[in-house]
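Fold and contact review
Okay, here's what each chain looks like letter by letter:
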Amino acid sequence: MRDIPGTGRPRTAAVPPLAGRVAVVTGAARGVGEALARHLSDAGMLVALVGREEETLCRAAASLPHRSVCVEADVTDPTALDRAARQITDVLGPASVVVANAGIATGGPFARTPADLWQRVVDVNLTGSANTARAFLPQLTRTRGYFLQIASTAAFGSAPMMSAYCASKAGAESFAQALRGEVEPDGIGVGIAYLHWTGTDMVTGIDDHPVLKALRRNQPRFARTVHSADQVADWLTTGITRRARHVYAPPWLRWCQPLRPAFPALVLRLTRRELRRLSSKELAADTGVLGAGGRADWDAHRAGTRPPRPDDS
């Protein structure tokens, strides 16, 4: 862990009600997590950035205008998260806001996706969110704080070739809904954020992925827009300030909620033609982890779990 006093250029606090409170953001080394950490710091919060890529994480923390800490931790490791929670409260104080943002994705046919890679996506996106909540609930109880679960429109309708990601995001949404019923009597707010097309490295090369390309091409023009991580972070910050039960990024997604029963069949219809057009060899070529952050997590995970070689000491 590194304690960073706030070496970035001071900015005007966007949302005074958050000033002086402590926020924890997982998956904060890049993308939406990094942008959200910046927005919360701009709002006057003391931010703890948690993630796998320590150097990238600490560079992000060093750019923030207010005091922050960066903690390297794997959200699938409860012991590491418990240790991170203690370090954060010792340095910054108890968390008032916790954002379960850490997530990875893999694309490709289920049958051709290695079982351990499929499991890793579920472990990070779903179990990692539960681990995050478990580690920080004592602090949120003390501060009567707010827990924000980052979900996705993947929870609305499951896309072929994205089974692990869709299953984990639907599970994360369901987890947050159940958690809300348990902790709201203790004064803890629980929100669920639904993100659509967001300009992170996870969707880089989106038009090279057959299913994602087909889904995006067949959506209305306004729904095809890829929003910047900075814009999404702004919407999330507004939701955090309001302790919103649901945060939609972009906001028009709220009008999709009543239509959700129709989405699975619609997604399947849109993607079936594209899948039939491609050979099994072409589909298999798209199997793998999406984005630099996901690859960093997968590489670190494999390095930590591989069997020892005979020459290992």
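Residues numbered from 1 in each chain as written. Predicted model: local features only at pLDDT ≥ 70, side-chain atom pairs only at ≥ 80, totals over all residues. Heavy atoms only, no water.

1. Re the overall build of the protein chain
What counts here: Counting from the N terminus, the helices are DSSP H or I runs at least four residues long and the strands are E runs at least two residues long. Each residue is placed in one exposure class: buried if its accessible area under a 1.4 Å probe, protein chains only, is under 20% of its type's maximum, exposed if it is over 50%, and partly exposed if it falls in between. Residue contacts are counted whenever heavy atoms from the two residues lie within 4.5 Å of one another. The Shrake-Rupley method, run with a 1.4 Å probe sphere, supplies the accessible areas, and residue values consider only the shown protein chains as cover.
On a plain count of helices and strands, the protein chain comes out with ten helices and twelve strands. When each of the 313 residues of the protein chain is scored for burial, the buried share is 52%. Across the protein chain, contacts joining residues at least 24 apart in sequence account for 74% of those joining residues at least 6 apart. As displayed, the protein chain has an accessible area near 14,300 Å², and 52% of this comes from carbon and sulfur atoms.

2. Re helix α2 (residues 54-62)
Convention followed: This arc describes the spread of directions from the helix axis toward the C-beta atoms.
Residues of α2 that are buried include every one of L57, C58, A60 and A61, and no others. Buried positions in α2, seen along its axis, are confined to an arc of 155 degrees and lie on one side of it.

3. What to know about the pairing of strand β8 (residues 189-195)
Operational definition: For a crossover, the right-handed case is the one in which the path from the first strand over the helix to the second runs clockwise, viewed with the strands pointing away from the viewer.
Counting buried positions along β8 gives seven out of seven residues, so the element sits mostly inside the fold. Alternating residues of β8 divide into G189, G191, A193 and L195 and V190, I192 and Y194, and every residue in both groups is buried. Between the parallel pair strand β7 (residues 146-152) and β8, the chain is carried across by helix α5 (residues 163-183), and the sense of this crossover is right-handed.

4. Comments concerning the state of the cysteines
Rules: Any two cysteine sulfur atoms lying within 2.5 Å of each other are counted as a disulfide.
This structure, assessed with the given rule, holds one disulfide. Bridging C58 to C70, the disulfide has an S-S length of 2.0 Å. Its torsion about the S-S bond being 85 degrees, the disulfide of C58 and C70 is classed as right-handed. Of this pair, C58 sits in helix α2 while C70 is found in strand β4 (residues 68-72), placing the two residues twelve residues apart along the sequence. Take C70: its relative accessible area is 1%, and that puts it in the buried class.

5. Notes on the packing of helix α3 (residues 78-91) against helix α4 (residues 115-143)
For clarity, the threshold we go by: Structural elements are reduced to axes, namely lines fitted to C-alpha atoms, with helices fitted over the stretch in contact, and the angle between N-to-C directions of any two is expressed from 0 to 180 degrees. Crossing handedness is read from the near helix: turned anticlockwise from the far helix by less than a right angle, it gives a left-handed crossing, and turned clockwise, a right-handed one. When residues are sorted by character, Ala, Val, Leu, Ile, Met, Phe, Trp, Tyr, Cys and Pro go into the nonpolar class, Asp, Glu, Lys and Arg into the charged class, and all the rest, Gly among them, into the polar class.
One way to put it is that α3 packs onto α4 with a least axis distance of 9 Å and a crossing angle of 35 degrees. Between α3 and α4 lies a crossing whose hand is right-handed. Along its contact with α3, which presents P78, L81, D82, A85, I88 and T89, the element α4 presents G128, N131, T132, A135, F136 and Q139. Taken together, the residues that form the contact of α3 with α4 break down as six nonpolar, five polar and one charged.

6. So, the nonpolar core
As a reminder of what qualifies: Throughout, nonpolar core names a set of buried Ala, Val, Leu, Ile, Met, Phe, Trp, Tyr and Cys residues whose side chains join them through atoms within 4.5 Å.
Counting residues in hydrophobic clusters, the biggest one holds 41 residues, and the most contacted among them are V24, I88, V98, F136 and F147. Per-element accounting of this core gives the leading share, six residues, to α4. If near-sequence neighbours (up to four positions away) are discounted, V24 is found in contact with A48, V50, I88, A95, V97, V98, V99 and F136. Formed by 36 residues, the second largest nonpolar core is a distinct cluster that contains A35, A43, L49 and L148.

7. As for the environment of S158
In this structure, S158 sits in the loop between β7 and α5. Sequence separation between S158 and A170 is twelve residues; the distance between their C-alpha atoms is 8.6 Å. Apart from residues lying up to four places away in sequence, S158 is in contact with C166 and V267.

8. As for the pattern of salt bridges
For the record, the criterion: Salt bridges, as used here, are contacts in which a Lys or Arg side-chain nitrogen is within 4 Å of a carboxyl oxygen on Asp or Glu.
The full count for this structure, using the stated rule, is eleven salt bridges. One salt bridge in this structure joins E34 and R38, with 3.2 Å as the shortest N-O distance. In this pair, E34 and R38 both sit in helix α1 (residues 31-42), four residues apart, roughly one turn of the helix. Linked by salt bridges that have partners in common, R52, E72, D74, R120 and D297 make up one network.

9. So, the packing of α1 against helix α7 (residues 229-241)
The condition that has to hold: Any angle that falls under 35 degrees is termed roughly parallel, while one over 145 is termed roughly antiparallel, one within 65 to 115 roughly perpendicular, and all others oblique.
Axis separation between α1 and α7 bottoms out at 8 Å; the angle between their running directions is 55 degrees. Taken together, the axis directions place α1 and α7 in an arrangement best described as oblique. With respect to the hand of their crossing, α1 and α7 are arranged in right-handed fashion. Side by side, α1 and α7 meet where G31, V32, A35, L36, R38, H39 and L40 of the first sit next to A229, D230, V232, A233, D234, L236, T237 and I240 of the second. Of the residues that constitute the contact of α1 with α7, the class distribution is nine nonpolar, three polar and three charged.

10. What about the side chain of K169?
Threshold: Polar contacts here mean pairs of N or O atoms no more than 3.5 Å apart (in protein, one a potential hydrogen donor and the other a potential acceptor; neighbouring residues in sequence count only if both atoms are side-chain atoms).
Secondary-structure assignment places K169 in helix α5. Polar contacts involving the side chain of K169 include one to the main-chain carbonyl oxygen of I150, which spans 3.0 Å. When residues no more than four places from it in sequence are discounted, the contact partners of K169 are N125, I150, A151, S152, A154 and A155.

11. Looking at the packing of aromatic side chains
Where two aromatic rings form a pair, the distance of their centres and the angle of their planes describe that pair. Short version of the rule: The aromatic pairing rule takes the rings of Phe, Tyr and Trp, using the six-membered ring of Trp, and pairs them if the centres are within 6.5 Å, calling planes under 30 degrees apart stacked, those over 60 edge-to-face and the rest tilted.
Counted under the stated rule, the structure contains three aromatic pairs. Ring geometry for F110 versus W118: centroids 5.9 Å apart, planes at 85 degrees, classification edge-to-face. Classification of F110 as exposed rests on a relative accessible area of 56%. Ring geometry for Y194 and Y248: centres 5.5 Å apart, planes at 15 degrees, overall stacked.

12. What to know about the confidence of the model for the protein chain
The predicted coordinates should not be examined in detail at positions where pLDDT is low. Just so we agree on the cut-off: Residue-level confidence of the predictor is summarised by pLDDT, bounded by 0 at the bottom and 100 at the top.
Averaged over every residue, the pLDDT of the protein chain is 84; the share at 70 or more is 80%. Low pLDDT, under 50, characterises residues 306-313; the predicted model gives this stretch one contact beyond four residues in sequence or across chains.

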